[in-house]
Amino acid sequence: LAFLGDSITQNWEKAGAPVWKKFYGPRKATNYGFGGDSTQHVLWRLDHGEFDGISPKVCVLLIGTNNARHSESEPADTAAGVRAILDRLAAKSPATKVLLLAVFPRGSKPDGKLNEQNDKLKQVNAIIAKLDDGKHVFFIDIGGKFPVTDGKLDAAVMPDFLHLSAKGYEIWADAIAPKLAQLMK
């Protein structure tokens, strides 16, 4: 089992460490999350040795939020980057199944009229949802599991309205557990 993504994935090692130990420690999972990464960075890492010589049964992929923070980034471009990552993973490790996660909501008001980043992410998620082929790529959107109160993401789950707290990682782990168990058989 491998996780691949940006700082949200990398932070399984920090805020998510107790949850990681509970859910993924027994599975000897590996974490390939790297802070600040966009789809381009993950592609670079894959092209320069990451995943060489390994063949995880499942890879959990969460990437794209950093693409949305750049005003010049279009949803179709971010989705194309996700598609390219899936292609690289398939070439490097053809037997690996990918649990592709919708990009999580961000910002204090995820549905606010002025939240251009979340508007982009909703478009990205609509495009990448279609990459689910039911054989190698399995898409799941768990964004709705993160509590919103009075139109705001719960700071107890996303303290900076982007990165997760231990409670947020618990929500993530619980939300993907059934699908992950199915894919790990």
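Going by the structure above, here's the rest.
Residues numbered from 1 in each chain as written. Predicted model: local features only at pLDDT ≥ 70, side-chain atom pairs only at ≥ 80, totals over all residues. Heavy atoms only, no water.

Enquirer: It is not clear to me how the sheet that holds strand S4 (residues 97-101) should be interpreted in this structure. Could you clarify?
Expert: The strand order across the open sheet built from five strands is S2-S1-S3-S4-S5, with neighbouring strands paired in parallel fashion. Where the open sheet ends on each side, the last strands, each with one partner, are strand S2 (30-33) and strand S5 (137-140). Strand-to-strand, the axes of this sheet are offset by a mean angle of 20 degrees, without reference to chain direction. Judged from the four bridges that link them, strand S3 (residues 58-62) and S4 form a sheet pairing that is parallel. The residue of S4 that forms the bridge with leucine 61 is leucine 100. (Pairing = 2+ DSSP bridges. Helix = DSSP H or I, 4+ residues; strand = E, 2+ residues; numbered from the N terminus. Axes fitted to C-alpha atoms, helices over the stretch in contact; angles between N-to-C directions.)

Enquirer: Honestly, the pattern of salt bridges in this entry has me stumped. Any pointers?
Expert: Two side chains bearing opposite charge may form a pair once their charged atoms approach each other closely. Counted according to the given criterion, the structure contains six salt bridges. Salt-bridge contacts for arginine 45 lead to aspartate 37; the nearest nitrogen and oxygen are separated by 2.7 Å. For the pair arginine 45 and aspartate 37, one class covers both residues: buried. Between arginine 88 and aspartate 47 there is a salt bridge whose closest N-O contact spans 2.7 Å. Linking arginine 88 in helix H5 (residues 75-92) with aspartate 47 in helix H3 (residues 39-47), this pair joins segments that are 41 residues apart in sequence. Judged by its relative accessible area of 30%, arginine 88 is partly exposed. Salt bridges sharing partners connect three or more residues here, namely Asp37, Arg45 and Glu50. (Salt bridge = Lys/Arg side-chain N within 4 Å of Asp/Glu carboxyl O. Buried < 20%, exposed > 50% of the residue type's maximum accessible area, 1.4 Å probe, protein only.)

Enquirer: Got a minute to help me understand the packing of H5 against helix H6 (residues 116-128) in this structure?
Expert: How two helices sit against one another is set out by the angle between their axes and by the gap between those axes. In contact at an axis separation of 8 Å, H5 and H6 are set at 45 degrees when each is read in the N-to-C sense. Relative to H6, the element H5 is oriented oblique. Handedness of the H5/H6 crossing: right-handed. On the side of H5, the interface is formed by Pro75, Ala76, Thr78, Ala79 and Val82, while H6 contributes Lys120, Gln123, Val124, Ile127 and Ile128. Taken together, the residues of the contact of H5 with H6 break down into seven nonpolar, two polar and one charged. (Parallel < 35°, antiparallel > 145°, perpendicular 65-115°, else oblique. Left-handed = near helix turned anticlockwise from the far one by under 90°. Contact = heavy atoms within 4.5 Å. Nonpolar A, V, L, I, M, F, W, Y, C, P; charged D, E, K, R; others polar.)

Enquirer: Help me understand H3, please; the structure alone is not making it clear to me.
Expert: Residues spaced three or four apart along an α-helix face the same direction, because each turn holds 3.6 residues. Within H3, the full set of buried residues consists of Thr39, Val42, Leu43, Arg45 and Leu46. Along the long axis of H3, the arc covered by the buried residues comes to 160 degrees, so they all point the same way. Away from its buried face, by an angle of more than 90 degrees, H3 presents the exposed residues Gln40 and Trp44. Here the buried face of H3 lies against strand S1 (2-5), S2, helix H4 (65-68) and H5. A positive backbone phi angle near 115 degrees is found at glycine 49, which sits one or two residues after H3. (Arc of directions from axis to C-beta.)

Enquirer: So what exactly am I meant to see when it comes to a negative patch on the surface here?
Expert: Together, Glu74, Asp77, Glu116 and Asp119 line one region of the surface with negative charge. Topologically, glutamate 74 is positioned in the loop between H4 and H5. Judged by relative accessible area, which is 44%, glutamate 74 ranks as partly exposed. (Patch = residues over 30% accessible without salt bridge, like charges linked within 9 Å, V, L, I, M, F, W, Y side chains within 5 Å. Areas by Shrake-Rupley, 256 points an atom, 1.4 Å probe, with all protein chains shown as cover. Lys, Arg positive; Asp, Glu negative; His and termini not counted. Charge placed at Lys NZ, Arg CZ, Asp CG, Glu CD.)

Enquirer: Whenever I open this one, the nonpolar core confuses me. Can you help?
Expert: Most often, soluble globular proteins keep nonpolar side chains buried together rather than apart. Core analysis: the biggest nonpolar cluster contains 32 residues, and Tyr24, Leu99, Phe104, Trp172 and Ile176 have the highest contact counts within it. Among the secondary structure elements, those contributing two or more residues to this core are helix H2 (17-23), S3, S4, S5 and helix H7 (166-184). The element best represented in this core is H7, accounting for eight residues. Once residues within four sequence positions are removed from consideration, tryptophan 172 is found in contact with Phe3, Ile8, Thr9, Trp12, Val60, Leu62, Leu101, Phe104, Ile142 and Leu164. Ranked by size, the runner-up nonpolar core spans 26 residues in total, among them Val42, Val98, Ala102 and Leu131. (Core = buried A, V, L, I, M, F, W, Y, C linked by side-chain atoms within 4.5 Å.)

Enquirer: Even after reading the chapter, I still don't get the side chain of asparagine 11, so can you show me in this structure?
Expert: In this structure, asparagine 11 sits in the loop between helix H1 (7-10) and H2. In this structure, asparagine 11 is in contact with Gly16, His163 and Tyr169, ignoring residues within four places of it in sequence.

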